[in-house]
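# A look at the structure
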Amino acid sequence: MFRFLPEQASSFAPEVDWLHNIITDLSVFFTVAIVGTMIYFAIRYRKRDGVDHETPAINGSHALELVWTIVPSIICVYIAYYGIAIYNDMRTVGENPLIINVTAQKWKWDFQYATGKSTTGEVVIPVDRPVKFVLTSTDVLHSFFVPSMRVKSDAVPGHYTYVAFTPVKTGSYHTFCTEYCGKDHSAMLATLRVVPQSEYEQWLADNSAELALAAKGPVDKGRTLYQQKGCNACHSLDGSRIVGPSFQKIYMRKEKCTDGNEYVADENYIRNSILHPNALIVEGYAPNMMPVFEGQLSDEDINALIAFMRTLDGTSVAPKPVVAKKEEVDLSKLTPAERGKKLYQEKLCATCHSLDGSKIVGPSFKGLYGTPQKLTDGTSVAADDAYLKESILNPMAKVVEGYPPAMPPYQGQLNDENISDITEFLKTVK
Ligand code: CUA
C-alpha cells in the first residue's frame, strides 16, 4: 500500500524503505480505524427527530485500558528499536571508504577527490565500495540529498557533516539541495554517477579538463570572466565610454565619486565595486545600473578579474573590442533590416543577445519577434513592436524570466527610426 519511493540504489535502502513502509501502513491503519469509528459514531448517535439519545455510561474498563496502553507501547518501542538500528547502519562508514569532500555554495555543488581531482555538478563513484561524502558550505545552509541512496544531510558553513553509503547499482542519480538557500535553490542540482570500478579508475585518471583549466592563469581567467559575466557590455577596454567607466588603465586610477571623495581604484576598491556596485558611483555615471555580483563570483574569480585589469595599462594588447569598425556606408542605400543589423553590432547588443539561439546574458534574438515572453513578474507578453521598443528604451520594466536585470537603458541613445530598424532586423532572425 502507498509505495511511491524512488529506486533503491544503496545497501541500506531496502531497510530504510521497510521501516518507512511499516510506519506508513500503521499510520494509515490507525487513521482509518479512528476516523472511521468517529464517523460511524457521529452517524449512529446523531440527534434524530429532535430526540436526544442516551448513550451507555461506561465507568472504566481495565481490559480496554491495558490494551490501548500496551499495544501502542509495543509498536512505539518496535519502531524506535529499528529506527535506531537502521540509523546506526546509515551513520556507519563502511570499510576502506572512498572519501569525497563536498562544498556547497550558492548555487552549486563542488566535489573534491583525494587525488586532487575536483568536479562541479557531477560526482562519479565506483559501485559496491563504501563512500563517505564530507559536507560543508561556504555561505549559507544547504542540504545534500540523494533520494535513491536514502541519504540527506545539511551542509553547514564552518562545520563538517557527512553522509555515507555503499552504492549497489550503477546508474545516474539525482542529487538535490533541500534547504531553501536563495534565488537559485531549485537549480542547485548535481548528478551522482555510479560506475564499475574500472570505469571509475579511468575517469579519475583523466585529468585533461583540470590541466586545461589550471593552465589558464588568473589573467586569462579574468578575461574569460570579463566576457562571461557580461562586464564587457558596459565597460570597454579601449578607453571608450559605454555605460560604466572603461577598464582601460582602471587599476590604481583616481576616481572622483558622487559622495564627493576621491578614491584610488586599488584591489579593495575594485572588489567592493564588483560586489556592491551601488555603494560608490563614479561622478558622471548613472547609479543603479550595475547588477550586484555578491554571491556570484568567488574570491578567486575577483582576484582573476583584478589581475586582468592590471594588464589593461593601455600598452599591452587588449582583446579586440566588440565594436565594429566604423565604415563609411551610405545608410540610405541599406534596407531597414540591414541598418538594424548594423545597430545590433555597433550598439553592442551582440554582447548579450545571440543570433543563434544560445543564451549569453540576455535572451537570444533568434525567433524572438512575435514569440510570447514569460516575465519575472509572472505575466507573459508577446514580443511585438511595442514590447521591443519598451525593452530597448527601458529594459528594467519587463525582464524575461531566468535573466538578470543587466541591460542598460537606451533612452536618448536611439531614435524611433533606429528602433524600427532594429525591429525589422529582428524579424529576419528566425
Ligand atoms: Cu542550496 Cu538550496
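Owing to the predicted nature of the structure, the values given are computational and were not obtained by experimental measurement.

Tallying secondary structure elements over the chain gives 11 helices and 14 strands in all. For the chain, whose C-alpha radius of gyration is 31 Å, the value lies well above the compact-globule estimate of 22 Å for 430 residues. Evaluated residue by residue, the chain yields a buried proportion of 20% over its 430 residues.

A word on the domain arrangement of the chain. Once the domains are mapped, the chain shows domain 1 (13-49 + 58-91), domain 2 (98-211), domain 3 (216-310) and domain 4 (331-428). Computed from C-alpha atoms alone, the centre-to-centre distance between domain 1 and domain 3 is 63 Å.

All right, on to the sheet that holds strand β8 (residues 161-165) then. One open sheet holds the five strands; their spatial order is β3-β2-β1-β5-β8, and the pairing between them is mixed. One side of each edge strand has no neighbouring strand; the edge strands of this open sheet are β3 (118-120) and β8. Each strand of the sheet is rotated relative to its neighbour by a mean of 20°, with strand direction disregarded. As judged from the five bridges shared by strand β1 (residues 98-105) and strand β2 (residues 108-112), these two strands associate in the antiparallel manner. Opposite Gln-105, over in β2, you have Lys-108 as the bridge partner.

This part is about helix α5 (residues 218-228). Residue pairs spaced three or four apart in an α-helix point in one direction, given the helix's 3.6 residues per turn. Listed as buried for α5 are Gly-222, Arg-223 and Tyr-226. Down the axis of α5, the smallest arc covering the buried residues is 100°, so these residues share one side. Those residues of α5 hidden inside the fold are in contact with α7 (299-310). In the segment just after α5, Gly-230 is the residue with positive phi, at about 80°.

What follows covers the pairing of strand β6 (residues 142-146). Of all the five residues making up β6, four are buried; the element is thus mostly covered by neighbouring parts of the structure. Where β6 and strand β7 (residues 151-155) come together, five bridges link them in antiparallel fashion. Residue Phe-144 lies in a different strand from β7, and its bridge partner there is Ser-153. Between β6 and β7, which pair antiparallel one after the other, the connecting turn spans four residues, and Arg-150 there sits at a positive phi close to 60°.

On to the sheet that holds strand β4 (residues 122-126). The five strands lie next to each other as β4-β10-β9-β6-β7, forming an open sheet whose pairing is mixed. The open sheet terminates on both sides in strands that have one partner only, identified here as β4 and β7. Between one strand axis and the next, the sheet turns through 20° on average, direction left out of account. In this sheet, strand β10 (residues 190-195) lies alongside β4 in parallel orientation, the contact comprising five bridges. Across the sheet, the residue bridging to Pro-126 is Val-195, located in β10. Set on the sheet, helix α3 (residues 197-205) makes contact with β4 and β10; between it and β4 the angle comes to about 135°.

This part covers the environment of Thr-335. Of note, Thr-335 is situated in the loop between α7 and α8 (336-346). Residue Thr-335 is classed as exposed on the basis of its 12 C-beta neighbours within 10 Å. The sequence separation of Thr-335 and Lys-389 amounts to 54 residues, and the corresponding C-alpha distance is 19 Å.

All right, on to the nonpolar core then. In globular proteins that are soluble, nonpolar side chains generally tend to be buried together. Residues Ile-250, Leu-305, Met-309 and Leu-426 are the most contacted members of the largest nonpolar core, which totals 32 residues. Elements that contribute at least two residues to this core include exactly α7, α9 (349-352) and α11 (416-428). At five residues, α7 tops the list of elements feeding residues into this core. In terms of domain composition, this core takes at least three residues from each of domain 3 (216-310) and domain 4 (331-428). Counting 25 residues, the second-largest nonpolar core is a separate cluster that includes Val-146, Met-149, Ala-155 and Tyr-173.

Further remarks concern the packing of α5 against α7. Closest axis-to-axis distance for the α5/α7 pair is 7 Å, and the angle between their directions is 100°. Taken together, α5 and α7 sit at an angle that is classed as roughly perpendicular. Of the residues in α7, those touching α5 at Pro-218, Val-219, Lys-221, Gly-222, Arg-223, Leu-225 and Tyr-226 are Asp-301, Asn-303, Ala-304, Leu-305, Ala-307 and Phe-308. When grouped by side-chain class, the residues that make up the contact of α5 with α7 number eight nonpolar, two polar and three charged.

All right, on to unusual backbone geometry then. Backbone phi values are negative for most residues with the exception of glycine, while trans is the configuration of most peptide bonds. Geometrically, the link from Lys-106 to Trp-107 is a cis peptide bond, its omega value of -5° lying close to zero. Counting through the fold element by element, Trp-107 comes out in the loop between β1 and β2. Located in the positive-phi region is Asn-96, a residue other than glycine, with phi close to 50°. Turning to its location among the elements, Asn-96 is positioned in the loop between α2 (62-91) and β1. A tally of 7 C-beta atoms within 10 Å means that Asn-96 is categorised as exposed. In this structure, Met-252 takes a positive phi of about 65° despite not being glycine. Locating Met-252 in the fold gives a position in the loop between α5 and β11 (254-256).

As a further point, take the environment of Val-134. Inspection of the secondary structure puts Val-134 in strand β5 (residues 131-137). Considered as a pair, Val-134 and Val-163 are 29 residues apart in the sequence and their alpha carbons are 6.9 Å apart. Other than its neighbours up to four places away in sequence, Val-134 contacts Ile-99, Asn-101, Val-102, Tyr-160 and Tyr-162.

Put simply, helix α1 (residues 13-44) and α2 touch, their axes get as near as 10 Å, and they point 155° apart. As summarised for this structure, α1 and α2 are arranged roughly antiparallel, according to the angle between their axes. At the point where α1 passes α2, the crossing takes the left-handed sense. Here α1 contributes Glu-15, Val-16, Leu-19, Ile-23 and Leu-26 to the contact with α2, which in turn contributes Ile-75, Ile-79, Tyr-82, Gly-83, Ile-86 and Asp-89. Of the residues in the contact of α1 with α2, the class split is eight nonpolar, one polar and two charged.

Quick notes on the rules
- Residues numbered from 1 in each chain as written.
- Predicted model: local features only at pLDDT ≥ 70, side-chain atom pairs only at ≥ 80, totals over all residues.
- Helix = DSSP H or I, 4+ residues; strand = E, 2+ residues; numbered from the N terminus.
- Rg over C-alpha atoms; globule rule 2.2 N^0.38 Å.
- Buried ≥ 20, exposed ≤ 12 C-beta atoms within 10 Å, placed from the backbone.
- Domains from an automatic or database assignment.
- Pairing = 2+ DSSP bridges.
- Axes fitted to C-alpha atoms, helices over the stretch in contact; angles between N-to-C directions.
- Arc of directions from axis to C-beta.
- Contact = placed C-beta atoms within 7 Å.
- Core = buried A, V, L, I, M, F, W, Y, C linked by C-beta atoms within 7 Å.
- Parallel < 35°, antiparallel > 145°, perpendicular 65-115°, else oblique.
- Nonpolar A, V, L, I, M, F, W, Y, C, P; charged D, E, K, R; others polar.
- Left-handed = near helix turned anticlockwise from the far one by under 90°.

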